[in-house]
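Fold and geometry: a report
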Amino acid sequence: MTRLLAPLILIALLLAAWEAACRLLALPVYLLPAPSAIGTALAEGWPLLLASAWNTLSTALVGLALASVLACGLALAVSLNPTVEDAVRPVAVTLQVTPLVAIGPLMTIWAGIEHPQRAVVALAAVAAFFPIFSGALTGLKAVDPDLARLFDLYGARRTQRLWRLRLPSAVPALLEGHKVAAGLAVVGAVVAEFVAGSGGNQGLAWRILEASNRLQTARVFAALAVLAVLGVALHGVLSLAERRLLAWWRGR
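Attention here is on the structure that accompanies the text. Since we're looking at a predicted model, the values are computed, not measured. (Residues numbered from 1 in each chain as written. Predicted model: local features only at pLDDT ≥ 70, side-chain atom pairs only at ≥ 80, totals over all residues. Heavy atoms only, no water.)

Quick look at the packing of helix 1 (residues 2-25) against helix 2 (residues 35-79)
In contact at an axis separation of 8 Å, helix 1 and helix 2 are set at 105° when each is read in the N-to-C sense. By the criterion of interaxial angle, the relationship of helix 1 to helix 2 is roughly perpendicular. Contacts between helix 1 and helix 2 involve Leu15, Trp18, Glu19 and Arg23 from the former and Pro35, Ser36 and Ile38 from the latter. (Axes fitted to C-alpha atoms, helices over the stretch in contact; angles between N-to-C directions. Helix = DSSP H or I, 4+ residues; strand = E, 2+ residues; numbered from the N terminus. Parallel < 35°, antiparallel > 145°, perpendicular 65-115°, else oblique. Contact = heavy atoms within 4.5 Å.)

The following block contains the structure:
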């Protein structure tokens, strides 16, 4: 109960201080709206914000699934050959450290201006790729030495070592990689929506752009609040799934 109440009390205190500062300093609404104004914007525009949140979440999840398939497949292939790993890892790291905003316009061009949804999915997949790849590769290599010697003693084939030793050992790291990648997929989707700048994919970033161009700052904060709740909820769901799967994996 304490762990649940502590962040809620802190958030309530911060919102109260924010509200008091806006009222005492008489700040213009377009510059910094009070939490009450943001709440009003949320109440008035929640159907539209909810639909936009679903657009952002659905594209992020599709990008996450695409990244999972590609990253796990590549990590599996790379783990079987150290030379291939040495060749692939710098490319994967380069992809990770390249800012998403920098490659967003390229994704939009390659996907086609008339298909912004493809660019959003592609950039979400790019953002989620490295954590899954790194987690899968680390897990596949993190084998208990005693178990590895036991497999050597019984003369296990490479496929047997892969399916019965290396893949089970990779489960914890793989789950952690997907949990990190999920948040990055949402970030990639939002960045792509900003870069695409098209109403064809009306996610939360589009709502933020639309409201900011009209100086409706309260609506901007309302969209940001929905985005924050979306990210926290997604992280919470994946954390719960990770605990359940790890409990099953350890007790099997």
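That covers the picture; the talk isn't over yet.
Structural notes on the side chain of Ser239
Looking at the element boundaries, Ser239 is found in helix 9 (residues 217-251). A polar side-chain atom of Ser239 sits 2.8 Å from the main-chain carbonyl oxygen of His235. (Polar contact = N/O pair within 3.5 Å; in protein donor to acceptor, adjacent residues only side chain to side chain.)

A short note on the pattern of salt bridges
If you walk through the whole model with that rule in mind, you get 5 salt bridges. Close ionic contact of Arg23 with Glu19 constitutes a salt bridge, the shortest N to O distance being 2.7 Å. Placement of the pair is Arg23 and Glu19 together in helix 1, with a separation of 4 residues, close to one helical turn. Measuring nitrogen to oxygen at the nearest pair gives 3.0 Å for the salt bridge that ties Lys179 to Glu242. Pair noted here: Lys179 is in helix 7 (residues 158-196) and Glu242 is in helix 9, with a separation of 63 residues, a long-range link. Take Lys179: its relative accessible area is 17%, and that puts it in the buried class. For Glu242, a relative accessible area of 11% corresponds to the buried category. Connected through shared salt-bridge partners, Glu176, Lys179 and Glu242 make up one network. (Salt bridge = Lys/Arg side-chain N within 4 Å of Asp/Glu carboxyl O. Buried < 20%, exposed > 50% of the residue type's maximum accessible area, 1.4 Å probe, protein only.)

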